[in-house]
Amino acid sequence: MKDHVTVTGRSASVLRIQVNEQEMFDETLLEQAAFDPGCLKCRVVCRNPVVLEYDISGLMDIHAFLQEYTFVQREGYGFLEELFESSIRTARGKPLHLDIRTVFCSRYGDQFRFAVLPLKTDAWLLQREEMRDFVEAVRSAFRTSTDYEIPGWLQMAQSSDQFSLPTVIQGLRELERTYHPRRFPFLPPKPREPFRTREEVILPVIEYDALMPPLPIPGSEKPDPGDRWAESGGNPAFTQATQILAPVPEAAACLVDGDSRYELPFETMTVGRGMQADIRVLDDSVSALHARITADQGRFYIQDLRSANGTWLGEKQVRRKMRLRNGMELRLGAHVLQFIQ
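This text gives an overview of the structure that appears in the document. (Residues numbered from 1 in each chain as written. Predicted model: local features only at pLDDT ≥ 70, side-chain atom pairs only at ≥ 80, totals over all residues. Heavy atoms only, no water.)

Description of the pattern of salt bridges
Between side chains of opposite charge, a pair can form when the charged atoms approach closely. In this structure the tally under the stated criterion is 13 salt bridges. Across the pair Glu85 and Arg173 runs a salt bridge whose closest N-O atoms are separated by 2.4 Å. Placement of the pair is Glu85 in helix H3 (residues 75-90) and Arg173 in helix H7 (residues 165-179), with a sequence separation of 88 residues. Note on Arg173: relative accessible area 31%, which makes it partly exposed. Two residues, Glu263 and Arg261, come together in a salt bridge whose shortest N-O distance is 3.0 Å. Several salt bridges share partner residues, and in doing so they unite Glu81, Glu85 and Arg173 into one network. (Salt bridge = Lys/Arg side-chain N within 4 Å of Asp/Glu carboxyl O. Helix = DSSP H or I, 4+ residues; strand = E, 2+ residues; numbered from the N terminus. Buried < 20%, exposed > 50% of the residue type's maximum accessible area, 1.4 Å probe, protein only.)

With respect to the packing of aromatic side chains
One pass over the structure, following the stated rule, counts 13 aromatic pairs. Measuring from ring centre to ring centre gives 6.4 Å for Phe65 and Phe195, while their planes differ by 80°; the resulting arrangement is edge-to-face. You can see Phe65 sitting in helix H2 (residues 62-68) and its partner Phe195 sitting in the loop between H7 and helix H8 (228-232), a full 130 residues away along the chain. Their ring planes at 80° and their centres at 5.2 Å tell us that Tyr69 and Phe71 sit as a pair that is edge-to-face. One exposure class covers both Tyr69 and Phe71, and it is buried. One cation-aromatic arrangement involves Arg196 over Tyr108; the distance from NZ or CZ to the ring centre is 4.0 Å. (Phe/Tyr/Trp six-rings, centres within 6.5 Å; stacked < 30°, edge-to-face > 60°. Lys NZ or Arg CZ within 6 Å of the ring centre and 35° of its normal.)

Take a look at the structure:
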């Protein structure tokens, strides 16, 4: 099924996927996914070819989480069972892009979110091999300091002729009972507490492309004239000014930095100097993650993220969440932006 789509871009807040064959596109699946809490929010941003953008604000992919977290004391069982159960639950009646870099969770390792692929039934009816590859990728990235039996069992399960996600889940439960028998088996078992880390897992600084490729022009294979990505040859070092990762047009508000305009299309966006920020401000006085801008019912607010040099609205320092109004001057350290709504 992955032959029908291509992941064409990724930033801290947006995942972009292109449908390779126009005739395989089925937009009704996006309407179905909109009512499923396990699906990433998605919108069509180009129709020839079909390009989709998924909102991944505040999430981290499973690969990043597994690279940063080591499971202890049976935690891995709960995490894997919930991950695979969520995959089955979300995949009912619709195909998913099952890849540990396109499946997401909160920074506490729960609340899994999946990218639905709006493809016609012929393209996704059988997803067994994708599921097998997904389990193997999870196994390869999984780290534990106590439950060493899990990776070995996953390797055996994904290579079995009887492989399926339900059998993997059942096998994990039997494995846990074998290696961690109940102390008082005659008493009713207590329900398992959902897995969630005690502290937020710090999102690693991932060197995404500083600019994603431009959306294609319908009927043309040439880059948009004057496009900075094309001029740079795809080199993220080309731009040395404020950058927004994966800009999306027609937002309700924006930040203006000199001659540049940076849209605020999502409910939450971060501003800072680091690669993990949604809007990058390449100024030494700006912290890696300097401030957060949130939208709530058409109103926008800014909050300082314990930056080294502070955030200011006009002459007032931002010490709590403060509302942004049209025309306000926003200062991050020594760098000045203007908020337009």
